[in-house]
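Tertiary structure, described
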Amino acid sequence: MAESREWLVQWLRDAHAMEEQAETMLSGQLSRIESYPELSERVRSHLEETKEQARRLKTCLDGLDEGSSMLKDAGGKLTATAQSISGVFAGDEVMKGSLASYTFEHMEIASYTILIAAANAAGEAEIARVCEQNLREEEAMAEWLKSNLPQVTQKFLTRADADSDKAKR
């Protein structure tokens with residue numbers, strides 16, 4: 001059981017770092033998609049959810065008398081910053097960002113699915129509940145992206161035909 005708890009703690013730290021990375025990634029994306037108001041509003045809303053998810057995970061770790069990993073958190077933020085900077089040079093930045101966001105949501109969904117199973121195995125019902133709440137929010141964001149990517153794509157293509165510089169953002 002002790003080893004199961006250690007894995008749970010490690011995976012909670014990984015998830016916290018993942019949410020820190022998501023926060024940095026979403027903030028960077030949000031600052032550059034002003035021409036896509038629906039996408040911008042949903043990203044803004046999910047950014048607030050993401051901050052709350054990180055807070056919830058930190059509370060879980062504190063409840064286990066553990067802390068988040070500063071090294072993992074910093075690494076996640078550094079990776080997100082690099083991704084964000086690289087998007088500035090893409091002619092289809094909004095599309096690259098949407099693709100990255102949709103992919104990232106599914107990584108988060110898998111992470112929370114694993115955490116729920118691990119928390120249940122460790123008898124940590126409150127951690128499982130928190131991870132289920134985070135999972136529902138990630139699934140909702142992934143579904144929103146899936147449903148809205150065709151419209152974002154069409155808007156991008158229409159704008160690209162008219163003015164490629166404005167299309168990417």
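This section reports on the structure supplied with the text. What you see is a predicted model; the values in this text were computed from it and never measured. (Residues numbered from 1 in each chain as written. Predicted model: local features only at pLDDT ≥ 70, side-chain atom pairs only at ≥ 80, totals over all residues. Heavy atoms only, no water.)

With respect to the overall build of the chain
In terms of helices and strands, the chain carries six helices and zero strands. Helices (α) and strands (β) of the chain occur, in sequence order from the N terminus, as α-α-α-α-α-α. Across the 169 residues in the chain, those meeting the buried criterion constitute 43%. In the chain, of all internal contacts separated by at least 6 residues, the share reaching a separation of at least 24 is 83%. For the chain, the accessible area works out to roughly 8,600 Å², and carbon and sulfur atoms hold 58% of it. (Helix = DSSP H or I, 4+ residues; strand = E, 2+ residues; numbered from the N terminus. Buried < 20%, exposed > 50% of the residue type's maximum accessible area, 1.4 Å probe, protein only. Contact = heavy atoms within 4.5 Å. Areas by Shrake-Rupley, 256 points an atom, 1.4 Å probe, with all protein chains shown as cover.)

Examining the packing of helix H1 (residues 2-30) against helix H4 (residues 93-121)
The axes of two packed helices give the description: the angle between them and the distance between them. Contact geometry of H1 with H4 gives a least axis separation of 10 Å together with a crossing angle of 160 degrees. Judged by the angle between their axes, H1 and H4 are roughly antiparallel. Considering how the two elements wind past one another, H1 and H4 form a crossing that is left-handed. Contacts from Leu 8, Trp 11, Leu 12, Ala 15, Met 18, Glu 19, Gln 21, Ala 22, Met 25 and Gln 29 in H1 reach Gly 97, Ser 98, Ser 101, Phe 104, Met 107, Glu 108, Ser 111, Tyr 112, Ile 114, Leu 115, Ala 118 and Ala 119 in H4. Taken together, the residues of the contact of H1 with H4 sort by class into 14 nonpolar, six polar and two charged. (Axes fitted to C-alpha atoms, helices over the stretch in contact; angles between N-to-C directions. Parallel < 35°, antiparallel > 145°, perpendicular 65-115°, else oblique. Left-handed = near helix turned anticlockwise from the far one by under 90°. Nonpolar A, V, L, I, M, F, W, Y, C, P; charged D, E, K, R; others polar.)

Overview of the packing of H4 against helix H5 (residues 125-162)
It is the contact of H4 with H5, at a shortest axis distance of 8 Å, that shows an interaxial angle of 160 degrees. Judged on the interaxial angle alone, H5 and H4 are roughly antiparallel. When you trace H4 past H5, the crossing you get is left-handed. A class-by-class count of the residues in the contact of H4 with H5 yields 18 nonpolar, seven polar and six charged.

Side note on unusual backbone geometry
Despite not being glycine, Asp 65 shows a phi value in the positive range, around 60 degrees. In this structure, Asp 65 sits in the loop between helix H2 (37-63) and helix H3 (70-88).

Considering H5
With 38 residues, H5 extends 54 Å between its outermost C-alpha atoms, agreeing within 8% with the 56 Å of an ideal straight helix rising 1.5 Å per residue. The sharpest bend along H5 comes to roughly 45 degrees, located at Asn 148, with the proline Pro 150 sitting one to four residues further on. (Expected span 1.5 Å × (residues − 1). Bend = angle between axes of the 7 residues up to and from the residue.)

Quick word on the environment of Leu 115
One can find Leu 115 in helix H4. C-alpha separation for the pair Leu 115 and Trp 7, spaced 108 residues apart in sequence, amounts to 9.4 Å. Discounting residues that sit within four places of it in the chain, Leu 115 has contacts with Leu 8, Trp 11, Leu 12, Ala 15 and Cys 131.

Looking at the packing of aromatic side chains
By the definition in use, this model includes one aromatic pair. If you follow Arg 159 out to its NZ or CZ, it ends over the ring of Tyr 36, 4.8 Å from the centre. (Phe/Tyr/Trp six-rings, centres within 6.5 Å; stacked < 30°, edge-to-face > 60°. Lys NZ or Arg CZ within 6 Å of the ring centre and 35° of its normal.)

Considerations on the nonpolar core
Counting residues in hydrophobic clusters, the biggest one holds 25 residues, and the most contacted among them are Leu 8, Leu 12, Tyr 112, Leu 115, Ile 127 and Cys 131. Those elements that provide at least two residues to this core are H1, H2, H4 and H5. Setting aside anything within four residues of it in sequence, one finds Leu 8 in contact with Leu 115, Ala 118, Ala 119, Ala 122, Glu 124 and Ile 127. Core analysis: the next-biggest nonpolar cluster, separate from the first, contains 13 residues, Ile 33, Tyr 36, Val 43 and Leu 145 among them. (Core = buried A, V, L, I, M, F, W, Y, C linked by side-chain atoms within 4.5 Å.)

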